[in-house]
Amino acid sequence: MNREEALQKIAELQAELEEHNYKYYVLAQPEISDYDFDMKLKDLEKLEKDYDVNDPNSPTKRVGSDISADFEQVEHKYTMLSLSNAYSEEEITDFDTRVKKIIGTECEYVCELKYDGSSISLTYENGILVRAVTRGDGVKGDDVTTNVKTIRSIPLKLRGNDYPKNFEIRGEILMPFDVFNQLNTELKERGEALLANPRNTAAGTLKMKNSSVVASRKLDAYFYYMLGDDLPIDGHYEKLQKAREWGFKISKDTDVCKNLNEVFEFIQKWDTERFNLPVATDGVVIKVNSKRLQDNLGFTAKSPRWAIAFKFKAESASTVLKSVSYQVGRTGAVTPVANLEPVPIAGTIVKRASLHNADIIKNLDLHVGDTVFVEKGGEIIPKITDVDTAQRKPKSSPVVFIENCPECGTQLIRKEGEAAHYCPNEDGCPPQIKGKMEHFVSRKAMDIDGIGEQTINLLFKKNLLKSITDIYKIPQNSASIIGLEALNIPEDETSLEYDQALKIPLERVLFAFKGSVSLKTLEWLVKHFSPKEIASIQPKELLETSKKNKPDVKTFGEKECETISKFIKKYHQLQTFLKRIPDQTKEVYPENILINLAGLSKETAEKISEKYKFYYFIYNAGTENIEKEGLINFMEAGLLEEFFNSKIIDHSRINHISKISIQKKTFENILKGIETSKNAPFEKVLFGLGIRYVGETVAKKLAKRFRSIDKLIAATEEELVNVEDIGGRIAESVVEYFKDETHLKLIEELRKAGLLLEVQEIKENLPQILEGLTFVVTGNFGSKEIRENLKLQIEQLGGKVASGISKNTNFLVAGDKAGPEKINKAKKFNVIIFNKTEFEEHFKL
């Protein structure tokens, strides 16, 4: 082979290997085996060496080098700003409002997964990668070009020929979960410290000085934003599709959303589906699609005004799967729950995790006894994200999704295209019946004061509530309801609620000790000091901490700190008693303690004593260093009785913690809430019915379009899908709901009870004297009806009612007990503050 033939062969092999890299790493559609690829790569290496060819963009350069070098600091041509973060749908709605106010029109959004890795900015000139720079401080970052060239999903040369001469593209460098898990397995086998998470590992790998090690780590990359002076298209989404043609890895899970509902659907979908991805994500990024509109919106000092990140919080740990149980929700959806060996995550002990649906169980290939990786995001129940199959025990049983409802035994169904299994027995399955009632009385539905989950559960057990119509029969059952009480502990011992019900917060344990310290002060104390620190806290420490973190109490000076310190010494007596616990172990069922501590009758205590052992009450109240068997023996030895018979504790201060009681005053509040609910507008009644897929927004649209329940009952699927934002799935669900005779009878009973089942006609031709003005209404106006009518009056006169104070707010109408935060914020933005009378006098209403 002469040199000319060799150069031709080298060029062919380079092109062929880059094509295979693209199909394997970007398209995930490999055409040859890893072995065949490696053989071709060796052939290319040999040819380049034999004919002295040193092409910096050759596939052979991706294997890295052993040469160490410090990273050069490079200034970004375009500053790499961070995004503003959002943690709720309300914050996304506020973002949408700000965008529309500036641009003066509707706009499309692009929703992208927010990959949890290390940010990178790549510069291409004439289709060649010339520089890769980390985010750094946003103004300048590290030049990591050599390391980035080892990442096979990043093109060294672009495909096609229609790319700009010079441009920059930004993305995220990631380590896939399977690579991370394999790396930890190898470290464990070598007895080395394990890595914390894929994100930190990817960032650390990218900064390694030995690029051959970087290459061995098999990093990946996704790209999400292009910058340049000569970009071909205005649309952000369209630019990403063009970048895919040039060889960049662009997430196929990027969508254009025409409105906020579609944005929220995207967020909700990926809150679950993200766990099926091969790499880590920590949220969703929402961007205005048009570059022209992005330029109009501009930037703040810290972030672009045209983008926001909705963040999922998560922390990961590994533990063992003990079993899987199943819970039934109000819609009949059956959720599998993993019962785990307790593991600390994000400051709490996690014992169970959501598995969501059968597909996730199947995809995870779960077996009882598996070592699993668990994440906890915010206050959401933890989720299993991966399985360490290398630690799976032989002959372990696979987890198989159940076929029948665990509550009522009905055979489960799963509709085509849906992930969840459902129990179809919606009017006969206890969790569904109770769930529908809880939804009906909730704040966004009928908003009935005095009736919550605990009350519904108690009345359901007593056969006094069987459906939402029975709520309006409560006034007739006063003799049966007043005086009811029960220990509020769920029957399902595998549920999260069961654990919570058996716990008394540490501030309540402290409050039970006789002294002059308020519960509010103790709540502050527990928030800022650990249980061990509290037992020996000194006045000086209290005073110093109180100056940094001011308690919400009237006074908190030296005298108060002295009082608290003396009071804590009484609490310390508990630990002194606990040290006298004998070593023997024997279970005892403490009826007498349940009577004294929980305020139960002797008969009730005897019934539940075997189920709820006393040690939960103290063991879970902050004395985690004491073994549960020890507490039982402590009680048996008579020491616990000695402690509770002493004069240093007041049992009545703990009485209500795990008890639900309906006395005369509570019952009167319930009656008042029921009567007020009869004035709730039609859309709230419709939402309260709990029709599957009919959320608050959909209920408003249906009420606005059909005006009454009778017209809605008569509506066809075709008529329903013609309503804005109503798709086929919602239409089918609505029609199916009203076909059911049970539901039609329920509606007739609600009609007889006096609920509003049609839209109340708004007065027409009112002068729009409040047009262009924004109001916030807050505080107590005597009743919710008055407050809602005040908001309605403002809207009828052309004004806008917002939920929160901003610089765009014109007036705050404040009732009694208005929140001090809103008042202070209103003053900060020079918002005019009126009470109801002043508001009416000012606008001559």
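All values derive from a computational prediction rather than experimental measurement. (Residues numbered from 1 in each chain as written. Predicted model: local features only at pLDDT ≥ 70, side-chain atom pairs only at ≥ 80, totals over all residues. Heavy atoms only, no water.)

## Observations regarding the nonpolar core
In this structure, F440, I471, Y472, L702 and L720 are the most contacted members of the largest nonpolar core, which totals 57 residues. Broken down by element, the residue count for this core peaks at six residues, all from helix α31 (residues 728-739). Once residues within four sequence positions are removed from consideration, F440 is found in contact with A445, M446, D447, I448, I468, I471, Y472, G688, L689, L750 and L755. Within the second largest apolar cluster, 33 residues are counted, among which are C111, Y222, V263 and I286. (Core = buried A, V, L, I, M, F, W, Y, C linked by side-chain atoms within 4.5 Å. Buried < 20%, exposed > 50% of the residue type's maximum accessible area, 1.4 Å probe, protein only. Helix = DSSP H or I, 4+ residues; strand = E, 2+ residues; numbered from the N terminus. Contact = heavy atoms within 4.5 Å.)

## Topic: the sheet that holds strand β9 (residues 255-257)
If you walk across this open sheet you meet the five strands as β2-β11-β10-β3-β9, and the pairing is mixed. The open sheet has two edge strands, β2 (85-86) and β9, and neither has a second partner. Relative to β9, strand β3 (residues 109-115) runs antiparallel, the two sharing three bridges. Each residue of the ladder has a partner; that of C111, found in β9, is D255. Against the sheet, helix α3 (residues 89-103) makes contact with β2, β3, β10 (281-288) and β11 (307-311), and its axis sits at roughly 175 degrees relative to β11, the strand it touches most. In the packing of helix α8 (residues 236-245) onto the sheet, contacts are made with β3, β9 and β10, and the angle to β3 comes to roughly 55 degrees. (Pairing = 2+ DSSP bridges. Axes fitted to C-alpha atoms, helices over the stretch in contact; angles between N-to-C directions.)

## Side note on the confidence of the model for the protein chain
Taken over all residues, the pLDDT of the protein chain has a mean of 79, while the share at 70 or more is 77%. Overall, residues 574-600 carries pLDDT values under 50, and its contacts beyond four positions in sequence, including any with other chains, amount to 72 contacts. Predicted confidence is poor over residues 608-646, with pLDDT under 50, and the contacts of this stretch with residues over four places away or in other chains come to 90 contacts. (pLDDT = per-residue confidence, 0-100.)

## What about the side chain of K383?
Locating K383 in the fold gives a position in strand β16 (residues 383-388). No salt bridge is formed by the buried K383. Its closest oppositely charged neighbour is D271, at 4.5 Å. Residues in contact with K383, not counting those within four places in the same chain, are D271, F275, A353, S354, H356, F373, V374 and E375. (Lys, Arg positive; Asp, Glu negative; His and termini not counted. Salt bridge = Lys/Arg side-chain N within 4 Å of Asp/Glu carboxyl O.)

## Re the sheet that holds strand β8 (residues 220-227)
Here we have four strands laid out as an open sheet, ordered β5-β4-β7-β8, and antiparallel in their pairing. A strand with exactly one partner marks an edge of an open sheet, and here the two such strands are β5 (128-134) and β8. Within this sheet the neighbouring strands show an average axis-to-axis angle of 30 degrees, counted without direction. Bridge count for strand β7 (residues 166-174) against β8 is seven bridges, and the pairing is antiparallel. Across the sheet, residue I169 finds its bridge partner in β8, namely M226. Sitting on the sheet, α8 is in contact with β7 and β8, with an inclination near 130 degrees to β8.

## Section: the packing of aromatic side chains
Tallied over the entire structure, the rule returns 20 aromatic pairs. Consider the rings of Y225 and W306, whose centres lie 5.5 Å apart with planes at 35 degrees: the pair is tilted. Here Y225, found in strand β8, pairs with W306, found in the loop between α10 (291-297) and β11; they are 81 residues apart in sequence, far enough to count as distant. The burial state of Y225 is the same as that of W306; both residues are buried. Each member of the aromatic cluster is reached from another via a ring pair, and the members are Y124, Y163, F167, F223, W246 and F248. Above the ring of F706, the side-chain terminus of R705 is found at 4.7 Å from the ring centroid. (Phe/Tyr/Trp six-rings, centres within 6.5 Å; stacked < 30°, edge-to-face > 60°. Lys NZ or Arg CZ within 6 Å of the ring centre and 35° of its normal.)

## With respect to the pairing of β7
Where burial is concerned, most of β7 is hidden: eight out of the nine residues are buried. Here eight bridges tie strand β4 (residues 118-125) to β7, and the two strands are oriented antiparallel to one another. Its bridge partner lying in β7, L122 is registered against I169.

## A look at a positive patch on the surface
Together, K101, R305, K800 and K807 make up a region of like positive charge exposed at the surface. Along the polypeptide, K800 turns up in strand β21 (residues 800-802). (Patch = residues over 30% accessible without salt bridge, like charges linked within 9 Å, V, L, I, M, F, W, Y side chains within 5 Å. Areas by Shrake-Rupley, 256 points an atom, 1.4 Å probe, with all protein chains shown as cover. Charge placed at Lys NZ, Arg CZ, Asp CG, Glu CD.)

## Points about a negative patch on the surface
Side chains of E89, E90, E91 and D94 sit close together on the surface and give a patch of like negative charge. The residue E90 is located in helix α3 in this model.

## Considering the environment of V256
Structurally, the position occupied by V256 is in strand β9. When the C-alpha atoms of V256 and I286 are compared, they prove to be 9.7 Å apart, with 30 residues separating the residues in sequence. Among all residues touching V256, those that are not within four sequence positions of it are E108, Y109, V110, Y237 and E262.

## Comments concerning the pattern of salt bridges
Evaluation of the coordinates by the stated rule reveals 28 salt bridges. Here D282 ties to K114 by a salt bridge, and the two come within 3.5 Å at their closest N and O atoms. Highlighted residues: D282 in strand β10 and K114 in strand β3, separated in sequence by 168 residues. A relative accessible area of 12% means that D282 is categorised as buried. A salt bridge links E749 to K473; the shortest N-O distance between them is 3.6 Å. Of the two residues, E749 is situated in helix α32 (residues 741-753) and K473 in the loop between α13 (453-461) and α14 (478-481); the sequence distance between them amounts to 276 residues. One connected set of salt bridges, linked through shared partners, spans D96, K100 and E106.

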